[in-house]
Amino acid sequence: MSNQESELNLPVKEKIVPESLKTKTIDPKDYLTFHKLTLDNNLEFWESIAKELEWFKPWERTLDSSNPPFYKWFVGGELNASYLAVDRHFRSWRRNKVALIWEGEPWDSSPREVRKLTYLDLFREVNKTAYLLKSYGLKRGDKIGIYLPMIPELPIFMLAAARLGLIFSVVFSGFSAQALADRMNDAGAKLLITADGGWRRGKVVQLKEIVDKALEMNKSIKDVIVVRRTGSEVRMEKGRDSFLHDLMSQVPNNAYVEPERVKSEDPLYILYTSGTTGKPKGIVHDTGGYMTLLHLTMRQVFDLRDEDVYWCTADVGWVTGHSYIVFGPLLEGATEVMYEGALDYPEPDRWVSIIERHQVSILYTSPTAIRTFMRQGERWITKHDVSSIRLIHSVGEPINPEAWRWFFKLVGREQVPFGSTWWMTETGGIMISHTPGGYLVPMKPGTNALPLPGIGAEVVNEEGKVKSGEKGYLVLTKPWPGMPLTIYGDPDRYVKVYWEKFPGAFYAGDYAIKDQDGYFWILGRADEVLKIAGHRIGTYELESALIQHPSIAEAAVVGVPDQVRGEVAEAFVILRSGVEPNQGLKDEINRFVRDNFGPIAVFKDIHFVSKLPKTRSGKIMRRVIRAVASNSPIGDVTTLEDEASVDEIRNAYKEFM
Ligand code: 6R9
């Protein structure tokens, strides 16, 4: 039973209303009355939000639902995401307002590396970069890949691509060559932007080397642009690779590139995310619907105002960074912090010092970060002044009530709204929050609270019946702006994965409970997807990485709870005949997976077994392995082919405990 479930079984009396913000709270019942109105008048509601953006051409049809589930929002409308995030502020009083406060990871460099970019700077950089991309002959609809560390060039390239109507696909810089190659192949990207290296915990990650390896497995990429970040020696391939600074010296300083008038339903980006089986899915997001949802959530969930300093601690390589570092805050003309490295480098209070030095007022972070801080101890926080913080949200996985209370006390000073926003790569933006509609509902530690205005969410059982107070599946009951257009290159899979289990509703893949107040408690994935330190990884992807090792014949991976990371992977492998199982081999396999998949693959352990529990049709029964690993009842095993396999897992487990 997870923490959330055990809390829920107690009568939940604890509803926290911060004293200082009482005026802005709303009774959940009143909110739900309003929420119902936004569902009953759904299109009118979304029109009223979309109207607040600047459109080159107004839309003719709010929602085209002629071919479900391939919904199209704001059809006929034309806009440009780069124009909205940059030009609009450049043309307003915000021209000299700071957009990005970027802080590099190296700590002892003097002066400390902090780069501030105003909206004017951003406008110049984005235009010059768009000019450069254009000189490669790229045109609207072409795909490019971006594999960069957390440096300002990352948002700048995304915005420059959007300006030209190019479809970009960012790959998290913690992924290794194979993962990068797979994504670039699937997207058919023509150009790749990378860096010589990136800083992580004081060490250089050799990104260019990884790119060179990936491109041995790719044919679509013809050109590579390399940003100089660490100054590492890199191999440059003639006719393919160029340094950004060399290219930029040819670009006029006052370059201006007219933003393309893209259609609302034109794709803005493809972002790969892990599913239950097979290769990662390329989630395609549109432009008009996506920007509309970001506008709503920045205004309401984050209550963003011009005087705020906003900081989202995610990496731009994941959806949280796409929506809540790049497009959301810039769309609203925010001043935001972007930090390059590890939150606890070189000391556990790096992140607190960032809050204090830049006077961060809105913080968006993750449960795994909070649990890490908790383990490091409160003295790292109390030695700094965090009183600038006025709002906190977390994202990525369920937040356990202990971690919530600890952070609420130490950083929230028991005064500020602190929510856990539920959403996913597919939804484009936040769906469920403690501050829906711009008002705070009383907080209950561990919950996600209520769906946003216009968003229909329910918990249903296997038959699709709505359930209150019982564990079931989370579904979204109405199309929403920001929803996926499709899975890139595989529309059938899009239908199958999300829309077939509960016809007419979007199946999120999460277990959830809706309580007596209508609050949602998202409990975790209902499928074979892991959230390791908030990073979404498919067990299948890790299994594929394992079986590429020459000593491994078969592999099964399950998720097991972890105090800090929330969840980690545990592997059970069958070795090829003649291979000796020993600790050395284990270490080597661990290294192999990290090298081939990326350092985010964290195994708690790797067990050597001679059989895996399988169904008679040969499918690995991960459920059985998970039950053994978590010491809970195995349940129905009538479909199991060989019961001895379970004993073996049990023994493997005991041996290494
Ligand atoms: C934004 C993001 C999506 C999965 C999702 C769920 C989990 C995210 C959560 C949460 C409980 C929260 N999740 N936020 N679970 N409370 N506040 O994380 O996207 O990487 O696609 O992952 O993350 O399990 O299904 P993504």
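Residues numbered from 1 in each chain as written. Predicted model: local features only at pLDDT ≥ 70, side-chain atom pairs only at ≥ 80, totals over all residues. Heavy atoms only, no water.

An unreviewed UniProt entry lists the protein chain under the name Acetate--CoA ligase, with Metallosphaera cuprina given as the organism. Per its UniProt entry, the protein chain bears the Catalytic activity (unreviewed entry) comment "3-hydroxypropanoate + ATP + CoA = 3-hydroxypropanoyl-CoA + AMP + diphosphate". Here is the UniProt Sequence similarities (unreviewed entry) comment for the protein chain, exactly as written: "Belongs to the ATP-dependent AMP-binding enzyme family." (UniProt positions renumbered as here; feature names shortened; annotations may be inferred.)

1. Things to note about helix α11 (residues 319-331)
Taking burial as the measure, the 13 residues of α11 include 13 buried ones, the bulk of the element. With its phi angle positive at about 70°, G333 sits one or two positions after the end of α11. (Buried < 20%, exposed > 50% of the residue type's maximum accessible area, 1.4 Å probe, protein only. Helix = DSSP H or I, 4+ residues; strand = E, 2+ residues; numbered from the N terminus.)

2. Let's talk about the pairing of strand β27 (residues 520-525)
Among the six residues that make up β27, five are buried, leaving the element largely enclosed by the rest of the structure. With five bridges joining them, strand β26 (residues 506-514) and β27 adopt antiparallel strand pairing. Paired with Y511 across the two strands is G524, which belongs to β27. The loop that links β26 with its antiparallel partner β27 comprises five residues; one of these, G518, has a positive phi angle of about 85°. (Pairing = 2+ DSSP bridges.)

3. Observations concerning the pattern of salt bridges
Here the structure, examined in full by the defined rule, presents 45 salt bridges. Salt-bridge contacts for K24 lead to D303; the nearest nitrogen and oxygen are separated by 3.8 Å. Of this pair, K24 sits in the loop between α1 (3-9) and α2 (28-40) while D303 sits in the loop between α10 (288-300) and β16 (309-312); the two residues are 279 residues apart in sequence, bridging distant segments of the chain. Relative accessible area serves as the criterion here: at 15%, D303 is assigned to the buried category. Close ionic contact of R140 with E260 constitutes a salt bridge, the shortest N to O distance being 3.0 Å. Residue R140 is found in the loop between α5 (119-135) and β6 (143-147), and its partner E260 is found in the loop between α9 (244-248) and β13 (262-263); the two are separated by 120 residues along the sequence. For E260, a relative accessible area of 29% translates into the label partly exposed. Salt bridges linked by common partners bring K208, D212, R235, E237, R240 and D241 together as one network. (Salt bridge = Lys/Arg side-chain N within 4 Å of Asp/Glu carboxyl O.)

4. Describing helix α4 (residues 81-90)
Counting buried residues in α4 gives nine out of 10 residues, a clear majority hidden from the surface. Every buried residue of α4 is accounted for by A81, S82, Y83, L84, A85, V86, D87, H89 and F90.

5. Some details on the packing of helix α13 (residues 367-376) against helix α15 (residues 401-410)
Remark: α13 packs on α15, axes separated minimally by 10 Å, with the N-to-C direction vectors making an angle of 70°. Taken together, the axis directions place α13 and α15 in an arrangement best described as roughly perpendicular. As α13 runs across α15, the sense of the crossing is left-handed. From α13, I370, R371, F373 and M374 reach across to α15, where they touch E402, A403, W406 and F407. Its residues assigned to classes, the contact of α13 with α15 comprises six nonpolar, no polar and two charged. (Axes fitted to C-alpha atoms, helices over the stretch in contact; angles between N-to-C directions. Parallel < 35°, antiparallel > 145°, perpendicular 65-115°, else oblique. Left-handed = near helix turned anticlockwise from the far one by under 90°. Contact = heavy atoms within 4.5 Å. Nonpolar A, V, L, I, M, F, W, Y, C, P; charged D, E, K, R; others polar.)

6. Thoughts on the sheet that holds strand β4 (residues 98-103)
With mixed pairing, the seven strands of this open sheet are ordered in space as β5-β4-β17-β16-β18-β19-β20. The sheet is open, and its two borders are formed by β5 (114-118) and β20 (418-420), each paired with just one other strand. On average, each strand axis in the sheet is inclined to that of its neighbour by 15°, with strand direction left out of account. As defined by bridge partners, β16 adjoins strand β17 (residues 335-339) across three bridges and the pair is classed as parallel.

7. Re the site of the ligand
Neighbouring the ligand are 18 residues, the closest being T421, T425, D510, R525 and R536. Contact between the ligand and T421: a nitrogen atom at 2.8 Å from a main-chain N or O atom of the residue. Between an oxygen atom of the ligand and a side-chain N or O atom of K531, the distance comes to 2.8 Å. Taken by itself the ligand offers 520 Å² of open surface, and the protein chains cover 97% of this. (Near = heavy atom within 4 Å. Polar contact = N/O pair within 3.5 Å; in protein donor to acceptor, adjacent residues only side chain to side chain. Areas by Shrake-Rupley, 256 points an atom, 1.4 Å probe, with all protein chains shown as cover.)

8. Thoughts on the confidence of the model for the protein chain
Confidence in the prediction of the protein chain, expressed as mean pLDDT, is 93, and 96% of residues score 70 or more. With pLDDT under 50 throughout, residues 1-11 is counted as low confidence; its partners more than four residues away or in other chains account for 24 contacts. (pLDDT = per-residue confidence, 0-100.)

9. Brief notes about the sheet that holds strand β30 (residues 552-562)
Read across the sheet, three strands follow the order β30-β31-β32 without closing on themselves; strand pairing throughout is mixed. The open sheet has two free edges, formed respectively by β30 and β32 (603-608), since each of these has just one partner strand. Within the sheet, the average angular offset between the axes of one strand and its neighbour, ignoring direction, is 20°. Sheet topology places strand β31 (residues 566-575) next to β32; five bridges connect them, and they run parallel. Among the inter-strand pairings, E570 is bridged to a residue of β32, identified as D605. The sheet strands contacting helix α17 (residues 539-547) are β30, β31 and β32, and the helix crosses β30 at an angle near 140°.

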